[in-house]
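Next come the chains, spelled out residue by residue.
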Amino acid sequence: MSNGILRANLPPGAEPGSYGISSFNHPLNLTKEQLSQVALVTTSVDVLVSICVIFAMSFVPASFVVFLIQERVSKAKHMQFISGVHPLLYWVANFMWDM
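Conventions we followed
Residues numbered from 1 in each chain as written. Predicted model: local features only at pLDDT ≥ 70, side-chain atom pairs only at ≥ 80, totals over all residues. Heavy atoms only, no water. Helix = DSSP H or I, 4+ residues; strand = E, 2+ residues; numbered from the N terminus. Rg over C-alpha atoms; globule rule 2.2 N^0.38 Å. Expected span 1.5 Å × (residues − 1). UniProt positions renumbered as here; feature names shortened; annotations may be inferred. Phe/Tyr/Trp six-rings, centres within 6.5 Å; stacked < 30°, edge-to-face > 60°. Buried < 20%, exposed > 50% of the residue type's maximum accessible area, 1.4 Å probe, protein only.

Engineer: So what's going on with the overall build of the protein? Residues and values would help.
Structural biologist: Helices and strands together make up the secondary structure of the protein, namely four helices and zero strands. Helices and strands in the protein line up, N terminus first, as α-α-α-α. Compactness check: the protein gives a C-alpha radius of gyration of 34 Å against a globular reference of 13 Å for 99 residues, more than 25% above the reference. Its C-alpha atoms put the protein at 95 × 45 × 15 Å along the principal axes.

Engineer: Could you give an account of helix α2 (residues 32-74), with specific residues and numbers?
Structural biologist: The end-to-end C-alpha distance of α2 is 64 Å, a good match for the 63 Å that 43 residues give at a rise of 1.5 Å each. With its phi angle positive at about 55 degrees, lysine 75 sits one or two positions after the end of α2.

Engineer: Could you give me a rundown of the UniProt feature "transmembrane region" (unreviewed entry) in the protein, with the residues and numbers involved?
Structural biologist: Those places that UniProt annotates as "transmembrane region" (unreviewed entry) correspond, in this numbering, to residues 47-69. Taken end to end, residues 47-69 is 100% helix and 0% strand, and its two terminal C-alpha atoms sit 33 Å from one another.

Engineer: Break down the UniProt feature "domain: ABC-2 type transporter transmembrane" (unreviewed entry) in the protein for me, with residues and values.
Structural biologist: With numbering matched to this structure, UniProt assigns "domain: ABC-2 type transporter transmembrane" (unreviewed entry) to residues 15-99. For residues 15-99, the helix share is 73%, the strand share is 0%, and the end-to-end C-alpha distance is 72 Å.

Engineer: I'd love a proper account of the packing of aromatic side chains, names of residues and values included.
Structural biologist: Each aromatic ring pair is specified by the distance between its two centres and by the angle formed by the two planes. This structure, assessed with the given rule, holds two aromatic pairs. Seen in terms of ring centroids, phenylalanine 55 and phenylalanine 59 are 5.1 Å apart; in terms of plane orientation they differ by 90 degrees. Their pairing is edge-to-face. Highlighted residues: phenylalanine 55 and phenylalanine 59, both in helix α2, separated by four residues, approximately one helical turn. For phenylalanine 55, a relative accessible area of 54% translates into the label exposed. Pairing tyrosine 90 with tryptophan 91 gives two aromatic rings, centres 5.0 Å apart and planes at 75 degrees, and the pair type is edge-to-face. Given a relative accessible area of 6%, tyrosine 90 falls into the buried group. Among the residues examined, tryptophan 91 registers a relative accessible area of 44% and is labelled partly exposed.

Okay, structure coming up:
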């Protein structure tokens, strides 16, 4: 950005390619304490993310298990199959009711 501003404000007839701003960066190496602190923070964040994912993924199967347990207690599907309801008709009716 600074090179663009500099070259835009050059006097007429000047060669823009010969003008420019250069910068060099030489960062310092981290000390042992800083490296251990970075490793600790990174590990802590990774553990927290994994706990959150495991906790969230436990709710998905639990939501399906509630229906299975409720059906097992009420025995509604068993009663309908005994009375002669075709399984396809049973599942289509349940799907329509849920929608």
